[in-house]
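Chain residues, written in single-letter form:
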Amino acid sequence: MSDTRRRKLARLLVEYSTQVQPGDWVGILGDFGSLPILRDIYESVIDAGGFPSLIVEDDQMQRYLLRNANDDQMQWIDPRMQLYVDEADVYIRAMAPENTRAMTDIDAQRLQMQRAAQSDILQTRLQRAATGKFRWVGTLFPTQALAQEANMSFEEYEDFVYRACFCDHKDPAGEWRKLSAMQQHKVDYLVGKKRIQLQGPNIELELSIAGRRFINSDGKRNMPSGEIFTGPVEDSVNGWVRFSYPAIVGGRAVSGIELTFEEGKVTRASAEMNDDLLQAQLNTDDGARYLGEFAIGTNFGIDRFTGSVLYDEKIGGTIHMAIGMGYPETGSRNTSAVHWDMICDMRTDSAIIVDDELLYENGAFTI
């Protein structure tokens with residue numbers, strides 16, 4: 001059964017998410033654990049008439065680089081990747097981590113040095129995507145490590161993943177189109193709105209969305225998806241938030257994060273665990289202390305925290321915010337080497353108010 005669902009997921013990535021056309025240059029990125037679905041994606045790209053390039057990564061090699069490379073090696077950009085990001089048409093990424101804590105003992109400053117060196121590539125990818133010149137999607141292939149992280153058996157986790165991607169349905173793409181229509185209704189309502197207030201036991205925050213655009217994230221960029229998101233006006237964010245779940249970066253979990261914003265900037269920040277990594281992220285560059293994204297999760301098929309932000313940020317009844325890089329298509333002007341998502345549960349005694357009208361209460365839309 002899992003093979004059938006896996007092939008459905010591969011076709012969904014190629015035919016629905018990135019809509020590969022004859023002649024497209026398609027990068028297929030993954031690691032050795034994701035080889036089964038990489039093969040399915042490769043075959044689907046060939047069937048669609050595309051030109052596939054396989055790019056394989058490995059955690060063991062990455063750890064060796066981070067531990068032993070000199071500064072020049074750390075900041076070197078593979079010219080093949082530069083060419084690919086500059087000129088390719090499609091980016092499909094399917095990772096399958098064997099160890100979700102592979103980078104736990106890597107110094108936070110080393111991780112940030114590498115991220116800073118790669119910021120131009122990230123910026124190019126986002127800018128080309130914003131203009132429609134670079135279609136991309138990312139997913140995770142089920143592994144024992146991800147199942148353990150989510151406190152599930154492997155078989156239960158496989159079911160969870162394929163269910164979250166609608167690959168347990170006869171027509172997964174049709175299900176995503178239904179979710180897309182629901183989300184578009186909310187996006188249309190938010191056109192022209194100016195101010196958002198967030199209230200609850202974990203949050204007292206206000207931000208401006210004047211002149212900004214909400215995006216309907218319906219499985220075209222992330223698989224699974226299920227969120228609407230925008231980039232707040234950079235200097236408009238004021239208030240406080242305590243994030244409900246650990247935020248993962250570089251294989252390390254940072255839990256108990258609390259942030260205070262004044263005129264858009266994080267002025268106070270603390271974490272109960274791995275505070276050093278939180279501070280290193282915030283100090284990466286000037287843009288890392290500002291929000292690049294505000295989003296509302298809508299996928300109620302994702303009903304639990306798994307430790308994988310790809311799923312967790314879409315949990316129905318939550319919001320998430322990302323410090324750092326904003327998506328240009330939202331109107332965000334914030335630039336940074338960082339884009340780090342943090343999730344806040346809004347399902348209890350919580351509300352989202354837009355221009356003094358109740359939009360959302362206790363995890364559900366009221367419009």
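Keep in mind the model is a prediction, meaning the values are calculated, not measured. (Residues numbered from 1 in each chain as written. Predicted model: local features only at pLDDT ≥ 70, side-chain atom pairs only at ≥ 80, totals over all residues. Heavy atoms only, no water.)

This part takes up the overall build of the protein. Counting its secondary structure elements, the protein contains 12 helices and 19 strands. For 367 residues, the compact-globule formula gives about 21 Å, and the C-alpha radius of gyration of the protein, at 20 Å, lands near that figure. Along the three orthogonal principal directions, the C-alpha set of the protein runs to about 50 × 50 × 40 Å. For the protein, the residues scored as buried account for 56% of the 367 residues in total. For the protein, long-range pairs separated by at least 24 residues make up 72% of all intrachain contacts whose partners lie at least 6 apart in sequence. Computed over 38 positive and 55 negative side-chain charges, the separation of the two mean positions in the protein equals 4 Å. (Helix = DSSP H or I, 4+ residues; strand = E, 2+ residues; numbered from the N terminus. Rg over C-alpha atoms; globule rule 2.2 N^0.38 Å. Buried < 20%, exposed > 50% of the residue type's maximum accessible area, 1.4 Å probe, protein only. Contact = heavy atoms within 4.5 Å. Lys, Arg positive; Asp, Glu negative; His and termini not counted. Charge placed at Lys NZ, Arg CZ, Asp CG, Glu CD.)

Okay, the pattern of salt bridges next. Counted by the stated rule, this structure contains 16 salt bridges. A salt bridge links arginine 304 to glutamate 156, with the nearest nitrogen and oxygen atoms 3.3 Å apart. Taken together, the positions of arginine 304 in the loop between β14 (291-297) and α12 (309-312) and glutamate 156 in helix α9 (residues 154-164) put the pair 148 residues apart, joining distant regions of the chain. Judged by its relative accessible area of 29%, arginine 304 is partly exposed. For the salt bridge of arginine 212 with glutamate 234, the shortest nitrogen-to-oxygen distance reads 2.8 Å. On the criterion of sequence distance, the pair formed by arginine 212 in the loop between β6 (203-208) and β7 (215-217) and glutamate 234 in the loop between β8 (227-230) and β9 (238-242) is long-range, its members being 22 residues apart. (Salt bridge = Lys/Arg side-chain N within 4 Å of Asp/Glu carboxyl O.)

Right, let's get into the sheet that holds strand β19 (residues 364-365). Whenever strands of a sheet pair, they do so through backbone hydrogen bonds, lying parallel or antiparallel. Strand order in this open sheet of 8 strands is β13-β12-β9-β6-β5-β17-β18-β19, and the pairing throughout is antiparallel. At either end of the open sheet lies a strand with only one pairing partner, and these are β13 (265-270) and β19. As judged from the 4 bridges shared by strand β5 (residues 195-200) and strand β17 (residues 351-354), these two strands associate in the antiparallel manner. Residue pairing for β17: isoleucine 196 is matched across the bridge by valine 354. (Pairing = 2+ DSSP bridges.)

Turning to the packing of aromatic side chains, a few remarks are in order. By the definition in use, this model includes 10 aromatic pairs. Arranged with centres 4.4 Å apart and planes meeting at 45°, the rings of phenylalanine 166 and tryptophan 176 form a pair that is tilted. A residue pair is termed long-range when its members are at least 10 positions apart, and phenylalanine 166 in the loop between α9 and α10 (172-190) and tryptophan 176 in helix α10 qualify at 10 residues. Tryptophan 176 matches phenylalanine 166 in its accessibility class, with the two residues each being buried. The rings of Trp25, Tyr84, Tyr91 and Phe134 are connected pair by pair, giving a single aromatic cluster. Note that arginine 125 overlies the ring of tyrosine 91, its terminal NZ or CZ placed 4.8 Å from the centroid. Across from the ring centre of phenylalanine 365, 5.3 Å away, lies the NZ or CZ of lysine 186, which sits over that ring. (Phe/Tyr/Trp six-rings, centres within 6.5 Å; stacked < 30°, edge-to-face > 60°. Lys NZ or Arg CZ within 6 Å of the ring centre and 35° of its normal.)

A few words on helix α6 (residues 108-117). Taken residue by residue, α6 has Ala108, Arg110, Leu111, Gln112 and Gln114 as its buried positions. Buried residues along α6 sit against α3 (59-68), α4 (71-74), β11 (252-254) and α11 (275-282). Its side-chain oxygen placed 2.8 Å from the backbone nitrogen of glutamine 109, aspartate 107 serves as the N-cap of α6. (Polar contact = N/O pair within 3.5 Å; in protein donor to acceptor, adjacent residues only side chain to side chain.)

We now examine a nonpolar patch on the surface. Together, Phe32, Leu54, Val56 and Met61 make up a nonpolar patch on the protein surface, roughly 420 Å² of accessible area in all. Note that valine 56 resides in strand β2 (residues 51-57). Overall, the relative accessible area of 39% leaves valine 56 in the partly exposed class. (Patch = residues over 30% accessible without salt bridge, like charges linked within 9 Å, V, L, I, M, F, W, Y side chains within 5 Å. Areas by Shrake-Rupley, 256 points an atom, 1.4 Å probe, with all protein chains shown as cover.)

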